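Residue-level listing of the chains:
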Amino acid sequence: MKIIMLGAPGAGKGTQAKMIAEKYGIPHISTGDIFRANIKNGTELGMKAKSFMDKGELVPDELTVSMLLDRVGKPDCKDGYVLDGFPRTIPQAEELDKALSGRNEEIDFAVDVDVPDENIVKRMSGRRACLKCGATYHMEHIPPRKEGVCDSCGSELVLRDDDKAETVQKRLQVYHEQTQPLIEFYTRKGILKTVDGTQDMKDVFGAIVGILG
Ligand code: AP5
Ligand code: MG
Ligand code: ZN
């Protein structure tokens, strides 16, 4: 099963994608996580990506698309995957389609986790992320067992550099301009499914499982 997660920054794509990956036994692929891992390891890709991410802008398609296509070509992706944060522009979606149709494959579902902008800023300031394994917590809603420490891998939790209030506003603006058109794109393909992302995370997951089967 091949799934795309759509939704504004902070809508809960990563939180849900992780649960989907566990339940269905497929890899969770987050382009944001891959960029952050590259930044942490000081790679050239990471340095290039950081300058855009810190401003709340998208990393250019030419850096992002090849990285993602390379990842989904790996052997662990042969039975499917859940993409979180990709595609984010119409050209990215078209490149993905082209690569998949070359292999006689297609995306099964595009799940839009719908959360109004007003709820987003509040969520982001409470978020703490593990840069090692990609786990995400919220200081109020989803706290780790031990403050500041990842439940899954024991690494230190951090506030992401791009979760400052001004940067979140910019990311929301970029989302509406460049990513939201994908909702129309996948609606036309007949695979768009919308879930109410303002519910408790377990209820959001229940709605998604109801769709995926
Ligand atoms: P990326 O890492 O993808 O960030 P994003 O889209 O801005 O999304 P987030 O990860 O911030 O939010 P999320 O929807 O995953 O929410 P989460 O589950 O954490 O991208 C970062 C940057 O990388 C981009 O700005 C761009 O520069 C670059 N980039 C990445 N991909 C790219 C691409 N394809 N092209 C170009 N550039 C790219 O949840 C948020 C918080 O809410 C958490 O604290 C969580 O615990 C909490 N929460 C989750 N669900 C609930 C709930 N139901 N109720 C209450 N709280 C909840
Ligand atoms: Mg995320
Ligand atoms: Zn971790």
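For the structure itself, consult the block above.
From a predicted model like this one, the values you see are computed outputs, not experimental measurements.

Definitions and limits used
- Residues numbered from 1 in each chain as written.
- Chains lettered and ligands numbered in written order.
- Predicted model: local features only at pLDDT ≥ 70, side-chain atom pairs only at ≥ 80, totals over all residues.
- Heavy atoms only, no water.
- Near = heavy atom within 4 Å.
- Polar contact = N/O pair within 3.5 Å; in protein donor to acceptor, adjacent residues only side chain to side chain.
- Areas by Shrake-Rupley, 256 points an atom, 1.4 Å probe, with all protein chains shown as cover.
- Helix = DSSP H or I, 4+ residues; strand = E, 2+ residues; numbered from the N terminus.
- Buried < 20%, exposed > 50% of the residue type's maximum accessible area, 1.4 Å probe, protein only.
- Arc of directions from axis to C-beta.
- Contact = heavy atoms within 4.5 Å.

Caption draft 1: Seen up close, the site of ligand 1. Residues in contact with ligand 1 amount to 36 residues; listed here are only the nearest, Thr15, Glu57, Arg88, Arg127 and Arg171. Within the side chain of histidine 141, a nitrogen or oxygen atom sits 3.2 Å from a nitrogen atom of ligand 1. Burial of ligand 1 by the protein amounts to 96% of the accessible area it has alone, namely 1000 Å². Sorting the residues of the shell around ligand 1 by element identifies α1 (13-24), α2 (31-40), α6 (117-126) and β6 (136-138) as the ones contributing at least two each. At four residues, α2 tops the list of elements feeding residues into the shell around ligand 1.

Caption draft 2: Geometry of helix α3 (residues 44-53). Residues of α3 that are buried: Gly46, Ala49 and Met53. Buried residues along α3 cover an arc of 70 degrees about the axis, so they all sit on one side. The exposed set on the far side of α3, more than 90 degrees from its buried face, consists of Glu44 and Met47. Buried-residue contacts for α3 involve α2 and α7 (165-179).

Caption draft 3: Molecular detail of the environment of leucine 68. Take leucine 68: it is sitting in helix α4 (residues 61-72). Through-space distance from the C-alpha of leucine 68 to that of histidine 138 is 27 Å; in sequence the pair is 70 residues apart. Aside from chain neighbours lying at most four places away, what touches leucine 68 is Ile29, Thr31, Leu83, Phe86 and Leu96.

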